[in-house]
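# Notes for the structure review
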Amino acid sequence: MNHEQKAEFRTFRGYQLISQKEGQLTPAMEDYLEMIFRLCSKDGYTRVGRLSDLLHVKPSSASKMMMKLAEMGYLKYDRYEIILLTETGLKAGEYLLERHNTVEQFLLLAGSSDSLEETELIEHSLSEKTVACLKTMLEFFQSDPESRKRFAEFKSRL
């Protein structure tokens, strides 16, 4: 039996609904958590206003998301709008930022002309195993300049 015969195909939204039922973070939650991690890594905390500015959302939308993430145990959020990551939030945020950077570096290597937007659109769909594979591939190209050069030459012929 080949892969296609045993696969259960779904729509993109169908896969998202399965993830939500399993208690996983939604793509929007991941975006918030990644940005919170970036900001908290610099200052130790962040505020709703700063977060909403950077993500281009209304402060009220950011506040609602903070409550959800706090309920899930990823952060502490108080009435003065100070956001602090919990240990769980730190670990998740660190992984999300690493995933983002890995995907963006891969897309740059592949020749993407808009790696940031493409990364934001696809990073949520990748499994941890796939991200690890991409990271291994990047490490290979970084450790072997000759392979990088051959790949660049190959791309230029297409």
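Here is what the cut-offs are and how they apply
Counting restarts for each chain: residues are numbered from 1 in the order of the written sequence. Local features in this predicted model are restricted to residues whose pLDDT is 70 or higher, and side-chain atom pairs enter the listing and the counts only when it is 80 or higher, whereas totals over whole chains, interfaces and linings include all residues. The side-chain figures draw on all heavy atoms in the structure; neither hydrogens nor water molecules are used. Put simply, DSSP H or I for four residues or longer makes a helix, DSSP E for two residues or longer makes a strand, and each gets a number counted from the N terminus. By definition here, a helix of n residues has an expected span of 1.5 Å times n minus one. Buried residues are those whose accessible area, probed at 1.4 Å on protein chains only, stays under 20% of the maximum for their type, while exposed residues exceed 50% and partly exposed ones sit between those limits. Our arc is simply the arc of the directions from the helix axis toward the C-beta atoms. In this analysis an axis means a line fitted to C-alpha atoms, helices contributing only their contacting stretch, and an angle means the value between N-to-C directions, from 0 to 180 degrees. To sort the angles, those under 35 degrees are grouped as roughly parallel, those over 145 as roughly antiparallel, those from 65 to 115 as roughly perpendicular, and the leftovers as oblique. Between two residues, a contact is recorded if the distance between any of their heavy atoms is within 4.5 Å. Under the convention adopted here, Pro, Cys and the residues Ala, Val, Leu, Ile, Met, Phe, Trp and Tyr are nonpolar, Asp, Glu, Lys and Arg are charged, and Gly plus all remaining residues are polar. Take a side-chain nitrogen of Lys or Arg and a carboxyl oxygen of Asp or Glu: if they are within 4 Å of each other, that pair is a salt bridge. Pairing of aromatic rings covers Phe, Tyr and the six-membered ring of Trp, with a centre-to-centre limit of 6.5 Å; geometry is then stacked below 30 degrees between planes, edge-to-face above 60, and tilted otherwise.

Turning to helix α8 (residues 128–143), a few remarks are in order. If you check α8, its first and last C-alpha atoms are 22 Å apart, about what 16 residues at 1.5 Å a residue would give, namely 22 Å. By the burial criterion, the buried members of α8 are V131, L134, L138 and F141. Viewed along the axis of α8, the buried residues span an arc of 85 degrees, placing them on a single side of the element. Projecting away from the buried face of α8 at angles above 90 degrees are the exposed residues E128, K129, T136 and S143.

Here helix α3 (residues 27–43) crosses helix α6 (residues 87–110) at 100 degrees, and the two axes come no closer than 8 Å. Accordingly, the angle class assigned to the pair α3 and α6 is roughly perpendicular. Where α3 approaches α6, its residues E30, L33, E34, F37 and R38 are matched on the opposing element by G89, L90, A92, G93, E94, L96, L97, R99, H100 and N101. Taken together, the residues of the contact of α3 with α6 break down into six nonpolar, four polar and five charged.

A word on unusual backbone geometry. The phi angle of most residues is negative, glycine excepted, and most peptide bonds adopt the trans form. The backbone phi angle of H56 is positive, close to 60 degrees, even though this residue is not glycine. By the element assignment, H56 lies in the loop between α4 (48–55) and α5 (59–71). Judged by its relative accessible area of 74%, H56 falls in the exposed class.

A word on the pattern of salt bridges. Taken as a whole and judged by the stated rule, the model has three salt bridges. E34 is the partner of R38 in a salt bridge, and the nearest nitrogen-oxygen pair spans 2.9 Å. Of the two residues, R38 and E34 are both situated in helix α3; the distance of four residues between them amounts to about one turn of the helix. Judged by its relative accessible area of 29%, R38 falls in the partly exposed class. Across the pair E98 and K135 runs a salt bridge whose closest N-O atoms are separated by 2.4 Å. Highlighted residues: E98 in helix α6 and K135 in helix α8, separated in sequence by 37 residues. In this structure K135 comes out as partly exposed when scored by relative accessible area, which is 30%.

If you trace the backbone, P27 turns up in helix α3. Taking relative accessible area as the criterion, P27 reaches 26% and is therefore assigned partly exposed. Placed 57 residues apart in sequence, P27 and L84 show a C-alpha to C-alpha distance of 20 Å.

At a minimum axis distance of 11 Å, the contact between α3 and α5 shows a crossing angle of 90 degrees. In terms of axis orientation, α3 runs roughly perpendicular to α5. Judged by residue contacts, A28, M29, Y32 and I36 of α3 engage S61, A62, M65, M66, K68 and L69 from α5. The residue makeup of the contact of α3 with α5, split by class, is eight nonpolar, one polar and one charged.

Take the packing of aromatic side chains next. In this structure the tally under the stated criterion is two aromatic pairs. An angle of 70 degrees between the planes, with centres 5.5 Å apart, marks the rings of F140 and F141 as edge-to-face. The class of F140 is partly exposed, set by a relative accessible area of 42%. Using a relative accessible area of 12% as the deciding quantity, one classes F141 as buried.

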